[in-house]
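# Analysis of the macromolecular model
Below, each chain spelled out in residue letters.
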Amino acid sequence: LAIMEETAKDKSKEAATVPVRVGLVDFDSSHCVEFTKRLNHRLISEDQWVDGAVVVAGWTGSSAITPQETVNHYRRMLTEELGVTLVDRLEDLIPLVDGVMVLSVDGSVHRERASLFLERGLPVYIDKPFVTRLEDGLRLADCAERTGAPLFTSSSLRYALEVQQVHERKEEWGPVVSAHAFSPAPTHPRNPGLFHYGIHAVETLFALMGKGCRRVRNVHRDDAEMIIGEWQDGRIGSVLGIRKGAHQYGFTVVCEKHLLTTLIDTRSIYRELLKRVVLFFEQRKSPVDIKESLEIVAFIDGAAQSAEESGLPVDLPQF
């Protein structure tokens, strides 16, 4: 019996060390290459490596945002330099992988891409933006709940070291009272409003404040927009989307015992995000509540509506 128990333990340890097989969906963002470098330990310094998962296969469709020559370049890098096998059809990924990363820069295709895998019970990470319509987000969340398939979405800015420091020092600094986040916010009609790039600042704000925003208002100009959010507990948070001026990410956070204003160093954000993605695949549990991800979509939708209504406040749905 003792020998059998030891053998079982050895097999369990061996299984735990087998890397998760990851499939990539769409190659129209540089993330397909940058994430694979870190997971496959190739073409990047060792301090950026992330253990526990390997990108083994991928599929890409055409892109309404990224030029085809760029997609072709990423395809060549993945296959010729990073060891990724291409499949002809999206469904061909299913028997080859343990989890999927949907990396389309065009958020309007995410529901279609991800649903195929969620229906089969596979864990799916969806890169920013989660979706570009709240209805699509709700459908994906319902699909994941119905099938028991884990679903996770996030901008890499959520796991910036500077953001994590606020959580790590909560006992010393106290809880967050208010926060202001900023990022570049170029736009594209396929990812309207803040969905295209301003999503990074919105994700940073929610990473600091948590969910619970009930109302937004937007002061919108061609060169920038400022969105003020009111939380249910009375706190106020804001986002500045920058379209003219320095290309920087950062935030100011007011805690009960400390105030911090900082730029975000983006050199480690992919590594830190991928650590959470690997754990997500291994444990089949998202580190971000899907209700918070849906609230982020509602926040961006509400900001766009407020801009159209000359800055009038817009109440957000509650999840």
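Residues numbered from 1 in each chain as written. Predicted model: local features only at pLDDT ≥ 70, side-chain atom pairs only at ≥ 80, totals over all residues. Heavy atoms only, no water.

### Description of the nonpolar core
Using the following cut-off: Here, the term nonpolar core denotes a set of buried Ala, Val, Leu, Ile, Met, Phe, Trp, Tyr and Cys residues that are joined through side-chain atoms within 4.5 Å. For the exposure calls, accessible area comes from a 1.4 Å probe over protein chains only, and a residue counts as buried if that area is under 20% of its type's maximum, exposed if over 50%, partly exposed in between. Residue contacts are counted whenever heavy atoms from the two residues lie within 4.5 Å of one another.
Grouped together as the largest cluster of nonpolar side chains are 94 residues, with contacts concentrated most on Leu24, Met101, Phe117, Tyr125, Val166, Phe251 and Phe299. If near-sequence neighbours (up to four positions away) are discounted, leucine 24 is found in contact with Cys32, Thr36, Val55, Ala57, Gly58, Trp59, Leu78, Leu93, Met101 and Leu103.

### Brief notes about the sheet that holds strand E13 (residues 314–315)
Our working definition: By the convention used here, strands pair only if DSSP detects at least 2 bridges between them. For helices the rule is a DSSP run of H or I covering at least 4 residues; for strands it is a run of E covering at least 2, with both sets numbered from the N terminus onward. Throughout, an axis means a line fitted to C-alpha atoms (over the contacting stretch in the case of helices), and angles, computed between N-to-C directions, take values from 0 to 180 degrees.
Pairing is mixed in the open sheet, where seven strands are placed in the order E12-E11-E7-E10-E9-E8-E13. At either end of the open sheet lies a strand with only one pairing partner, and these are strand E12 (259–263) and E13. As paired strands, strand E8 (residues 213–220) and E13 are joined by two bridges and run antiparallel to one another. Within E13, the residue paired with valine 216 across the bridge is valine 314. Most of the contacts of helix H6 (residues 161–168) go to strand E11 (residues 250–255), to which it runs at about 10 degrees, and overall it touches strand E7 (176–184), E11 and E12. Relative to the sheet, helix H10 (residues 290–308) contacts E8, strand E9 (224–231), strand E10 (236–242) and E13, its axis offset from that of E8 by approximately 40 degrees.

### Looking at the side chain of glutamate 225
Among the structural elements, glutamate 225 can be located in strand E9. Leaving out residues up to four positions away in the same chain, glutamate 225 has contacts with Leu194, Asn218, Val219, His220, Val239, Leu240, Gly241 and Arg243.

### Comments concerning the pattern of salt bridges
What counts, and what does not: Just to be clear on terms, a salt bridge is a Lys or Arg side-chain nitrogen sitting within 4 Å of an Asp or Glu carboxyl oxygen.
Following the criterion strictly, the structure yields 27 salt bridges and no others. Here the salt bridges do not stand alone but share partners, grouping Arg111, Arg133, Glu135, Asp136 and Arg139 into one network.

### Considerations on the packing of H6 against helix H8 (residues 199–209)
Stated precisely, the cut-off is as follows: Here the angle decides the label: under 35 degrees means roughly parallel, over 145 means roughly antiparallel, 65 to 115 means roughly perpendicular, and every other value means oblique. Left-handed describes a crossing in which the near helix is turned anticlockwise from the far one by less than a right angle; the clockwise case is right-handed. Residues are grouped as follows: Ala, Val, Leu, Ile, Met, Phe, Trp, Tyr, Cys and Pro are nonpolar; Asp, Glu, Lys and Arg are charged; all remaining types, including Gly, are polar.
Close contact between H6 and H8 brings their axes to 10 Å; oriented N to C, the two are set at 15 degrees. By the criterion of interaxial angle, the relationship of H6 to H8 is roughly parallel. Handedness of the crossing formed by H6 with H8: right-handed. Together, Val163, Val166 and His167 of H6 and Thr204, Ala207 and Leu208 of H8 make up the contact between the two elements. Looking at the contact of H6 with H8, its residues break down into four nonpolar, two polar and no charged.

### Let's talk about helix H5 (residues 134–147)
Keep this limit in mind: Each residue after the first adds 1.5 Å to the expected span of a helix.
Over its 14 residues, H5 runs 20 Å from end to end, which matches the ideal 20 Å to within 8%, given 1.5 Å per residue. Every buried residue of H5 is listed here: Leu134, Asp136, Gly137, Leu140, Ala141, Cys143 and Ala144. Considering only its buried residues, H5 is in contact with helix H4 (110–119), strand E5 (124–127), strand E6 (151–154) and H10.

### A word on the packing of aromatic side chains
Selection rule: Stacked, edge-to-face and tilted labels apply to pairs of Phe, Tyr and Trp rings (six-membered ring for Trp) whose centres lie within 6.5 Å, assigned for plane angles under 30 degrees, over 60, and everything in between, in that order.
For the structure on display, the rule yields six aromatic pairs. These aromatic residues form a ring-pair network of at least three members: Tyr125, Phe152, Phe280 and Phe281.

### Remarks on the side chain of histidine 31
The following threshold applies: N or O atoms within 3.5 Å of each other form a polar contact, as long as, within protein, one can give a hydrogen and the other can take it, and as long as residues adjacent in sequence are counted only when both atoms are side-chain atoms.
By the element assignment, histidine 31 lies in helix H2 (residues 31–40). One polar contact links histidine 31 to tyrosine 270, side chain to side chain, over a distance of 3.1 Å. Sequence-distant contacts of histidine 31, that is, excluding residues within four places in its chain, are made with Thr36, Leu103, Asp127, Lys128 and Tyr270.

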